[in-house]
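Residue-level listing of the chains:
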Amino acid sequence: MVCIIHGFPNSVSALRFEWAWQNPDKSRRLRDIKLKKDKKESPFQFRLRILSNLLNSDPWKRLSLNFRWLMPEYETQFPEKFNNLTHIERKFGLVQKEGEMVPKDPQDYESIKPCSICKNNISTISELVRCQTKNICGSHFHIYCLAKKALTESKEFDTCLIPIKGRCPRCFGTWRWGDLIQDQRTLIQISQIAGENLKIFNAEKLIPKNSTVG
Ligand SMILES: [Zn+2]
Ligand SMILES: [Zn+2]
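A brief structural summary. (Residues numbered from 1 in each chain as written. Chains lettered and ligands numbered in written order. Predicted model: local features only at pLDDT ≥ 70, side-chain atom pairs only at ≥ 80, totals over all residues. Heavy atoms only, no water.)

**Considerations on a positive patch on the surface**
Alright, step 1. Judged by side-chain charge, Arg 16, Arg 28, Arg 29 and Arg 31 come together as a positively charged surface patch.
Alright, step 2. Of the residues examined, Arg 16 reaches a relative accessible area of 56% and is grouped as exposed. (Patch = residues over 30% accessible without salt bridge, like charges linked within 9 Å, V, L, I, M, F, W, Y side chains within 5 Å. Areas by Shrake-Rupley, 256 points an atom, 1.4 Å probe, with all protein chains shown as cover. Salt bridge = Lys/Arg side-chain N within 4 Å of Asp/Glu carboxyl O. Lys, Arg positive; Asp, Glu negative; His and termini not counted. Charge placed at Lys NZ, Arg CZ, Asp CG, Glu CD. Buried < 20%, exposed > 50% of the residue type's maximum accessible area, 1.4 Å probe, protein only.)

**Details of the coordination of the zinc ion (ligand 1)**
Octahedral metals with six donors have ideal donor angles of 90 or 180 degrees. Tetrahedral metals with four donors have an ideal donor angle of 109.5 degrees.
Alright, step 1. Coordination sphere of the zinc ion (ligand 1), protein contribution only: Cys 115 (SG), Cys 118 (SG), His 142 (ND1) and Cys 145 (SG), at 2.1 to 2.4 Å.
Alright, step 2. Considering all four donor atoms around the zinc ion (ligand 1), the spread of angles at the metal, 94 to 116°, places the coordination shape in the tetrahedral class.
Alright, step 3. Of note, the zinc ion (ligand 1) draws all its donor residues from one chain, in the sequence arrangement C-x2-C-x23-H-x2-C. Of this pair, Cys 118 sits in the loop between β4 (109-111) and β5 (128-130) while His 142 sits in strand β6 (residues 140-142), placing them 24 residues apart in sequence. (Donors = N, O, S within 2.8 Å, 3.2 Å for Na, K, Ca; no water. Tetrahedral: all angles 85-135°; square planar, octahedral: opposite > 155°, others 65-115°. Helix = DSSP H or I, 4+ residues; strand = E, 2+ residues; numbered from the N terminus.)

**Regarding the coordination of the zinc ion (ligand 2)**
Alright, step 1. Protein coordination of the zinc ion (ligand 2) is provided by Cys 131 (SG), Cys 137 (SG), Cys 168 (SG) and Cys 171 (SG), with donor distances spanning 2.2 to 2.4 Å.
Alright, step 2. Bound by four donor atoms, the zinc ion (ligand 2) shows angles of 103 to 113° at the metal and therefore tetrahedral coordination geometry.
Alright, step 3. Each donor residue of the zinc ion (ligand 2) lies on the same chain, and together they follow the pattern C-x5-C-x30-C-x2-C.

**So, the layout of surface pockets**
Alright, step 1. As a volume, the second largest pocket reaches approximately 200 Å³.
Alright, step 2. Lining the second largest pocket we find Ser 13, Arg 16, Trp 19, Ala 20, Ser 27, Arg 28, Arg 29, Pro 59 and Trp 60.
Alright, step 3. Taken together, the residues of the lining of the second largest pocket sort by class into four nonpolar, two polar and three charged. (1 Å grid on protein atoms, 1.4 Å probe; cavity = no way out; pocket = protein on both sides within 12 Å on 5 of 7 lines; lining within 4 Å. Points joined across faces, edges and corners; volume = space filled by probe spheres on them. Nonpolar A, V, L, I, M, F, W, Y, C, P; charged D, E, K, R; others polar.)

**Comments concerning the pattern of salt bridges**
Alright, step 1. Scanning all chains against the criterion turns up eight salt bridges.
Alright, step 2. The partner of Glu 41 in a salt bridge is Arg 49, and the shortest N-O contact between them spans 2.6 Å.
Alright, step 3. On the basis of relative accessibility, which here comes to 24%, the residue Arg 49 falls in the partly exposed class.
Alright, step 4. Here Glu 153 and Lys 149 are joined by a salt bridge, their closest N and O atoms 3.5 Å apart. With Glu 153 and Lys 149 both in helix α3 (residues 143-153), this residue pair falls four residues apart, about one helical turn.
Alright, step 5. Counted as one network, the salt bridges with shared partners bring together Glu 89, Lys 91, Arg 176 and Asp 179.

So, in structure tokens, the structure goes:
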């Protein structure tokens, strides 16, 4: 295997994507384009071209996915269409399991900060998303405040519920929505272990002081 796509919200979404990639002539998203292998193309280049079209179609074009070269020495040039896919992050090398430590000492946790947009308190982690440039900025937001701001800026507020990407209103760092949600999921898992296993009081309102982002 030379490359993989990862970062799907769940395994059903990943399997659907894989099926469409392998069956471009049957996939509802691709069959009308009638993709055919060009004589000059290698089978792999043809697969990359199918992939570019797939990542440009619904619902994949609204997901924060990662394209990873597992063996960077096999990296080839992407089809032109691929270079316009700003929601896809390119990565290299094997996937590292990003382990997150669950601190045992309550002193190693801190409270959620007020929302940097509406200035009101954020009551639990399930309402929280964090700026991804945490070491510089560290802003906290209500999930709906940041989504609304980003959708308003991209003029999608009337048509979409979930943004694809945006900017932090304080430090102007860019983020992809999928990465914010992944960070929130990690914080929720930590708080569950902290509350249930370590009996840390109010764990659903606390985040580890040194937790990494992304
Ligand atoms: Zn807010
Ligand atoms: Zn920020």
